[in-house]
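# Structural description and commentary
Take a look at the letters that make up each chain.
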Amino acid sequence: MEFNSIADFLDMGGYAFYVWLSFGVSFFALIALLASSLRTQKKIKQTVQARAARDERVKAASQLENTL
Amino acid sequence: MWKFLHPYAKAQRSYELAGTLLPWFAVLAVVSFVLGTAWGLAFAPADYQQGDSFRIIYIHVPSAIMSMGVYTSMAIAALIGLVWQIRLSDMAVAAMAPVGAVFTFIALFTGAAWGKPMWGAWWVWDARLTSELILLFLYLGVIALYNAFSDKALAGKAAGILTLVGWINVPIIHFSVEWWNTLHQGATITKFAKPSIAGPMLWPLLIMLLAFTCYFAAVMLIRFRNEILIRESHRPWVKQLLLKSA
């Protein structure tokens, strides 16, 4: 360990603002991209499922005799 | 030649391969990010000139290297897509571009946050910084162009051509610190010589480089799979796959 105490570590030899800003923003950006990629995946799944359900309903309705 | 590759031109096979590889890259990325960040922030010795501000290197250098590496991978995929008409290759380009754009943003941002305490300026219009900014615009251009067409075969072709032409910027970025006078320091590890950095400082840097590489692979695979599902969403295998997991 290069630092003597937690306070020392957080202070980063006086460069706390720049070091923590860099790491904070970078990890935020990496996690945001990952989250958005996973969200897209979920949305695709929902869209395809909704479309399949609709196809089923249309098919079921066409089986009925009392339809126009 | 390389017949074993042929089945992967089929979307379903590529989708499955991506799914098999994904967890390995994801786990390796998390482990190496934790290890590299902890080592770099707390255990690597402080720089004799820059003190603890140099620790920004552990984000800045790997993201900058990967910003160029990702673009080069995109250019290779774009070439394959254009020459051999492999549409999965175009999808790979689209999947990689946002990851590269984020890496470029991180390299620029951490560079500014490092430049302020060391150079006294957040930004200077010198060759290295400007060419890296152009790289960000190229990434955004590729993403925008790909999304501008509803015909994705055409979109892939247009984005592929832009990717290939834009690759000229990559060697310009790399050699900018040698060709022009600049505030930016020269290469530390990406050169044909012994790295000019002490061992205890170098190890966490290499681990962070591994972390960024695995993160790129993992997120690219997620986005590649998304791209396949969107493009193939009317095919029976996609319906079967997605309805089974409901």
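Note that the coordinates shown come from a computational prediction; the quantities given were computed from them, not determined experimentally.

### Quick notes on the interface of chain A and chain B
Facing the 34 residues of chain A at the interface are 45 residues of chain B. For the chain A and chain B pair, buried surface summed over both sides reaches about 3400 Å², with 76% attributable to carbon and sulfur atoms. Taken together, chain A and chain B are joined by seven residue pairs in polar contact (both at pLDDT 80 or more). Its residues assigned to classes, the side of chain A that touches chain B shows 22 nonpolar, eight polar and four charged.

### Brief notes about a nonpolar patch on the surface
Residues and elements named next belong to chain B. A grouping of Ile76, Leu79, Ile80, Val83, Trp84 and Leu164 is seen on the molecular surface, where their side chains present a nonpolar patch of about 550 Å² in accessible area. If you tally residues by element for the nonpolar patch, the top one is helix H2 (residues 57-84), at five residues. Looking at where Leu79 falls in the secondary structure, it is placed in helix H2.

### Regarding the environment of Ala29 of chain A
When you line up the elements, Ala29 of chain A lands in helix H2 (residues 16-63). For the pair Ala29 of chain A and Gln49 of chain A, spaced 20 residues apart in the sequence, the C-alpha separation amounts to 31 Å. Residues contacting Ala29 of chain A, with those up to four places away along its chain left out, are Val102, Phe105 and Ile106 of chain B.

### Brief notes about the packing of aromatic side chains
Counted according to the given criterion, the structure contains 17 aromatic pairs over all chains. Aromatic pair Phe23 of chain A and Phe27 of chain A: ring centres 6.4 Å apart, planes at 35°, arrangement tilted. Separated by four residues within a single helix, Phe23 of chain A and Phe27 of chain A lie in helix H2, roughly one turn from each other. Residue classification places Phe23 of chain A among the buried residues on the basis of a relative accessible area of 4%. Phe27 of chain A gets classed as partly exposed once you look at its relative accessible area, which sits at 23%. When the ring of Phe33 of chain B is compared with that of Phe212 of chain B, the centres are 5.3 Å apart and the planes differ by 65°; the resulting orientation is edge-to-face. Of this pair, Phe33 of chain B sits in helix H1 (residues 11-43) while Phe212 of chain B is found in helix H7 (residues 199-231), placing the two residues 179 residues apart along the sequence. Judged by its relative accessible area of 11%, Phe33 of chain B is buried.

### A word on the UniProt feature "domain: Cytochrome c assembly protein" (unreviewed entry) in chain B
The residues that UniProt annotates with the feature "domain: Cytochrome c assembly protein" (unreviewed entry) are residues 17-184 of chain B. From the first C-alpha to the last, residues 17-184 of chain B spans 41 Å; its make-up is 81% helix and 0% strand.

### Quick notes on the UniProt feature "transmembrane region" (unreviewed entry) in chain B
All names here are of chain B. Within the UniProt annotation, "transmembrane region" (unreviewed entry) is assigned to residues 21-44, 56-84, 91-113, 133-149, 161-181 and 201-222. The straight-line gap between the two end C-alpha atoms of residues 133-149 is 25 Å; of that span, 94% is helix and 0% is strand. The distance separating the terminal C-alpha atoms of residues 161-181 is 32 Å; by composition the span is 81% helix and 0% strand.

### Notes on the side chain of Arg223 of chain B
By secondary structure assignment, the location of Arg223 of chain B is in helix H7. With no salt bridge to any partner, buried Arg223 of chain B finds its closest opposite charge in Glu227 of chain B, at an N-O distance of 6.4 Å. Ignoring any residue separated from it by four or fewer positions in sequence, one finds Arg223 of chain B in contact with Leu33, Ser36 and Ser37 of chain A together with Ala95, Pro98 and Val99 of chain B.

### What about unusual backbone geometry?
Even without a glycine there, the phi angle at Met12 of chain A is positive, about 50°. The topology assignment puts Met12 of chain A in the loop between helix H1 (6-11) and H2. Judged by its relative accessible area of 0%, Met12 of chain A falls in the buried class. Positive phi outside glycine occurs at Gln85 of chain B, with the angle close to 60°. Here Gln85 of chain B shows up in the loop between H2 and helix H3 (87-119).

### Some words on the nonpolar core
If you look at the biggest cluster of nonpolar residues, it comprises 81 residues, and the most contacted ones within it are Tyr58, Phe103, Tyr215 and Phe224 of chain B. For this core, the leading source of residues is H7 of chain B, giving 17 residues. Excluding residues that lie within four positions of it along the chain, Phe103 of chain B makes contacts with Leu30 of chain A together with Ser63, Met66, Ser67, Val70, Phe212, Tyr215 and Phe216 of chain B.

Conventions and cut-offs
Residues numbered from 1 in each chain as written. Chains lettered and ligands numbered in written order. Predicted model: local features only at pLDDT ≥ 70, side-chain atom pairs only at ≥ 80, totals over all residues. Heavy atoms only, no water. Contact = heavy atoms within 4.5 Å. Buried area = accessible area lost by both parts, 1.4 Å probe. Polar contact = N/O pair within 3.5 Å; in protein donor to acceptor, adjacent residues only side chain to side chain. Nonpolar A, V, L, I, M, F, W, Y, C, P; charged D, E, K, R; others polar. Patch = residues over 30% accessible without salt bridge, like charges linked within 9 Å, V, L, I, M, F, W, Y side chains within 5 Å. Areas by Shrake-Rupley, 256 points an atom, 1.4 Å probe, with all protein chains shown as cover. Salt bridge = Lys/Arg side-chain N within 4 Å of Asp/Glu carboxyl O. Helix = DSSP H or I, 4+ residues; strand = E, 2+ residues; numbered from the N terminus. Phe/Tyr/Trp six-rings, centres within 6.5 Å; stacked < 30°, edge-to-face > 60°. Buried < 20%, exposed > 50% of the residue type's maximum accessible area, 1.4 Å probe, protein only. UniProt positions renumbered as here; feature names shortened; annotations may be inferred. Lys, Arg positive; Asp, Glu negative; His and termini not counted. Core = buried A, V, L, I, M, F, W, Y, C linked by side-chain atoms within 4.5 Å.

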